[in-house]
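Chains, contacts and geometry: an overview
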Amino acid sequence: MDDAVITHSDVYQSWKSHLFNFRQDDPETQTPGLRKPQLAALYATLGHLVVDPTATATVVMPTGTGKTDTMLALLIAARMNRTLILVPSDALRTQLVNKCAELKTLRNVGAVSDTALNPIVTAIDSKMSEAQVAELAGSNIIVATPQALQLFDEAALSALVKTCSHLMIDEAHHVAATSWNRIRTAFRGKPCIQFTATPFREDGLALAGKIIYNYPLRDAQLDGYFKGIEFHPVREYNLKLSD
């Protein structure tokens, strides 16, 4: 299909016929594959999508254990038709769009073969009309920030919900914000998977939704994903620059 125009349907059909490789990596034999927490998170989430797909689910994976590639692996392993992925910042939106476009890491470890086509990815960075939202049907993955979707009127947001089959929320501890909750509420009744490094919101309260997998930081240390942790405090008095 090198000389043909690849459509959303072409990509989705390639995912449906693709045999995802759930092989775990083996450092001793230097056999590439998925990391233990990635594999466990995938199994837990796939099971959830079979048993209770409309209930909000949360996957907890510490930073550095492969959370983003787990999200991308799930898109193909679960054969998701059209997914909206929410991220908290413009920088993360750009990073995720670039990573989605090639699935490079998943291909390098052998989890995804050439049978699965690269997704068509679209970023939402401004207000869109209902007619413009209809054009997103040509995408397999839509990446947006809640700030951009906050500009959508109810008709445009409703059209976006109808267009998408699944909702993923990255850095889900930000979900306490009103703008996040508006979107999640609009997607009620559709599969919603939250990914985060901490099961607590910025205000200290627990995240809504059932925790279906939690990879503790201690296990990440014991499994060698963190060789050592040093604490370096950073002070930023400008609240607009702080994170």
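Report on the accompanying structure. Since this is a predicted model, take the numbers as computed values, not measurements.

Conventions adopted
Residues numbered from 1 in each chain as written. Predicted model: local features only at pLDDT ≥ 70, side-chain atom pairs only at ≥ 80, totals over all residues. Heavy atoms only, no water. Buried < 20%, exposed > 50% of the residue type's maximum accessible area, 1.4 Å probe, protein only. Helix = DSSP H or I, 4+ residues; strand = E, 2+ residues; numbered from the N terminus. Pairing = 2+ DSSP bridges. Phe/Tyr/Trp six-rings, centres within 6.5 Å; stacked < 30°, edge-to-face > 60°. Salt bridge = Lys/Arg side-chain N within 4 Å of Asp/Glu carboxyl O. Contact = heavy atoms within 4.5 Å. Core = buried A, V, L, I, M, F, W, Y, C linked by side-chain atoms within 4.5 Å. Axes fitted to C-alpha atoms, helices over the stretch in contact; angles between N-to-C directions. Parallel < 35°, antiparallel > 145°, perpendicular 65-115°, else oblique. Left-handed = near helix turned anticlockwise from the far one by under 90°. Nonpolar A, V, L, I, M, F, W, Y, C, P; charged D, E, K, R; others polar.

This part covers the pairing of strand β2 (residues 83-86). What you see with β2 is no split at all: T83 and I85 on one side and L84 and L86 on the other are buried throughout. Bridging between β2 and strand β4 (residues 141-144) involves four bridges; their strand directions are parallel. When the sheet's bridge partners are listed, L86 is paired in β4 with A144. Two elements, β2 and strand β5 (residues 166-170), share four bridges in a ladder whose sense is parallel.

Moving on, we get to the packing of aromatic side chains. According to the stated counting rule, one finds four aromatic pairs in the structure shown. An angle of 20° between the planes, with centres 5.4 Å apart, marks the rings of F22 and Y43 as stacked. Taken together, the positions of F22 in the loop between α1 (8-16) and α2 (36-51) and Y43 in helix α2 put the pair 21 residues apart, joining distant regions of the chain. Measuring from centroid to centroid gives 6.2 Å for Y215 and Y225, while their planes differ by 70°, and the two rings are edge-to-face.

This part is about the pattern of salt bridges. Inspection of every chain in the model, using the stated rule, returns six salt bridges. Residues D170 and K67 are paired through a salt bridge, measuring 2.6 Å at the closest nitrogen-oxygen approach. Remark: K67 occurs in helix α3 (residues 67-77) and D170 occurs in strand β5; sequence separation between them is 103 residues. One exposure class covers both D170 and K67, and it is buried.

Checked against the element boundaries, I85 lands in strand β2. Assessed through its relative accessible area of 0%, I85 is described here as buried. In the structure, I85 is positioned 57 residues away from I142 in sequence and 6.1 Å away in space, judged by C-alpha atoms. Excluding its chain neighbours within four sequence positions, the residues that come into contact with I85 are M71, L75, L96, I141, I142, V143, A144 and M168.

On to the nonpolar core, then. By size, the foremost hydrophobic cluster in this structure holds 41 residues, and its most contacted members are F20, V59, L74, L75, I85, M168 and I193. Sorting the residues of this core by element identifies α1, α2, β1 (57-60), α3, α4 (90-102), β4, β6 (192-196) and β7 (210-214) as the ones contributing at least two each. Among the elements that make up this core, the one with the highest residue count is α3 (seven residues). One finds V133, I142, A159 and L207 within the second-largest nonpolar core, a separate group that totals 25 residues.

Burial runs high along β6: five of the five residues are buried. Residue alternation in β6 divides its side chains into two sets, C192, Q194 and T196 and I193 and F195, and both sets are buried. Two elements, β1 and β6, share four bridges in a ladder whose sense is parallel. Looking at β6, one finds that T58 is bridged to Q194. Strand direction decides the pairing type here: β5 and β6, joined by four bridges, are parallel. Across the sheet, the residue bridging to L167 is C192, located in β6.

Our focus in this paragraph is the packing of α2 against α3. Axis separation between α2 and α3 bottoms out at 10 Å; the angle between their running directions is 40°. The angle between α2 and α3 falls in the class oblique. The two elements α2 and α3 meet at a crossing, and its hand is right-handed. Across the interface between the two elements, Q38, A41, L42, T45, L46 and L49 of α2 pack against D69, T70, A73, L74 and A77 of α3. Each residue belonging to the contact of α2 with α3 can be placed in one class, and the counts come to seven nonpolar, three polar and one charged.

Attention shifts here to the sheet that holds β4. Backbone hydrogen bonds are what pair the strands of a sheet, in a parallel or an antiparallel way. If you trace the seven strands from one edge of the open sheet to the other, you get β3-β4-β2-β5-β6-β1-β7, paired in parallel fashion. A single partner strand is all that each edge strand has here, and the edge strands are β3 (121-124) and β7. Looking at each pair of strands side by side, their axes are set apart by 20° on average, direction ignored. Relative to β7, β1 is paired through four bridges, and the arrangement is parallel. For V59, the partnering residue across the bridge sits in β7 and is Y213. Where α2 meets the sheet, its contacts fall on β1, β6 and β7, and the angle it forms with β7 comes to roughly 150°. Sitting on the sheet, α3 is in contact with β2, β4, β5 and β6, with an inclination near 160° to β6.

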